[in-house]
Amino acid sequence: MKKSKKKTKYYFSFLSGNRIKIAVITVIILLLAGLTTVVRQFKPTIETPRSEMKTLPPDIKNEMERQPVPATSSATFRVPILMYHYVEYVQDKRDRLRQLLDINPNIFEQQIQTLQQAGYTFMTAKELGEVIDGKMKLPNNPVLITFDDGHWDLDTVILPILKKYHVKATAYIIPGFLGGSDFMTPNQLRDVISSGLVDIGAHTVHHIALKGKLFPIVQFEVNQSKAILEQTYHLKVVSFAYPNGSFDQQAVNIVRDAGFTTAVSTIPGIAQSNLNRFFLYRIRPGYRTGQLLLNYLQQNTFAQY
Ligand SMILES: [Zn+2]
């Protein structure tokens, strides 16, 4: 008995004094690092124009280069997709982030007037999916207006303007945030849906940037955001937007397999096709109105706003 105790002591004799301390500290550091990695997977991301993904991730770029170029140029459509977040008069002037993502309501209204008077046809993301699938003809001068996140102003400020001009739009909703401060209530969302002008898309359940995340987390966020919106509001949800525009090949595959027909990114561009239907390019109109806005939509290269 005494002998075996001595033997055990011998085996662990390297764990003495400082070495024990170092071993314990190392284990704690590894545990904390592991915990931080897991917590980060679930952390909602905050959108800023600077934090958005602006170029194709390398895995997608390689995949695009492997694909054959569409046989006819008609397979690529020139469709500007305008990206908005807030449309309101920002009350708190210190809220820099809000101001960066905001367009004043009167400017937004002027932009709608400009586009309507210039003969643009407002379509939804769902309709663009049908065009890509050959089920619908592309209208003349197509344009999409999209709103991310589902803030309260979608119902109180944006919807009255959409109704006034009878303009269609697409709104990407975060079902986990509905009813939270700064977001629409479920009843406000019902109001938006009942207008019949807005294609309701999904934007994950908790606004999680999807690039590089674990497969089950991405699958949950994508599939559940669709399922919750469809079941709660009796809709067919086929349009998706990546929070922060953050995606990779894994996210694209999951979005496609979930039954979405399109997904929008934050990569600037105007050429939409079957090749990028799950990372359609978008542009920020900024404060441009009138001829300035029309010239902006006519150009072929898109600088970041
Ligand atoms: Zn967002």
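Structure's up top.
Please read all numbers here as calculations on a predicted model, not as lab measurements.

Analysis parameters
- Residues numbered from 1 in each chain as written.
- Predicted model: local features only at pLDDT ≥ 70, side-chain atom pairs only at ≥ 80, totals over all residues.
- Helix = DSSP H or I, 4+ residues; strand = E, 2+ residues; numbered from the N terminus.
- Buried ≥ 20, exposed ≤ 12 C-beta atoms within 10 Å, placed from the backbone.
- Axes fitted to C-alpha atoms, helices over the stretch in contact; angles between N-to-C directions.
- Parallel < 35°, antiparallel > 145°, perpendicular 65-115°, else oblique.
- Left-handed = near helix turned anticlockwise from the far one by under 90°.
- Contact = placed C-beta atoms within 7 Å.
- Nonpolar A, V, L, I, M, F, W, Y, C, P; charged D, E, K, R; others polar.
- Pairing = 2+ DSSP bridges.
- Right-handed = clockwise from strand over helix to strand, strands pointing away.

Brief notes about unusual backbone geometry
Point 1. Even without a glycine there, the phi angle at D149 is positive, about 90 degrees.
Point 2. Along the chain, D149 falls in strand β6 (residues 142-149).
Point 3. Unusually for a residue other than glycine, T204 sits at a positive phi of about 70 degrees.
Point 4. Here T204 is to be found in the loop between β8 (198-202) and α9 (215-233).
Point 5. Of the residues examined, T204 has 29 C-beta atoms within 10 Å and is grouped as buried.

Remarks on the packing of helix α7 (residues 153-165) against helix α8 (residues 186-194)
Point 1. As a packed pair, α7 and α8 sit with axes 9 Å apart at the nearest point and diverge in direction by 25 degrees. Classed by the angle they form, the pair α7 and α8 counts as roughly parallel. You can see that α7 and α8 cross each other, and the crossing is left-handed. Contact residues: L154, D155 and L159 in α7; Q188, D191 and V192 in α8.
Point 2. When grouped by side-chain class, the residues that make up the contact of α7 with α8 number three nonpolar, one polar and two charged.

A word on the pairing of strand β7 (residues 169-173)
Point 1. The element β7 is extensively covered by neighbouring structure, given that five of its five residues are classed as buried.
Point 2. Neither face of β7 is exposed, since A169, A171 and I173 on one face and T170 and Y172 on the opposite face are all buried.
Point 3. The pairing of β6 with β7 spans four bridges and is parallel. If you follow D148 over to β7, its bridge partner there is Y172.
Point 4. A crossover links β6 with its parallel partner β7, the connecting element being α7, and its sense is right-handed.
Point 5. With five bridges connecting them, β7 and β8 associate as parallel partners. Note on β8: the bridge partner recorded for T170 is D199.

Regarding the pairing of strand β2 (residues 81-84)
Point 1. The alternating pattern of β2 places I81 and M83 and L82 and Y84 on opposite faces, both of which are buried.
Point 2. As judged from the four bridges shared by β2 and β6, these two strands associate in the parallel manner. Directly across from I81, in β6, lies its bridge partner L144.

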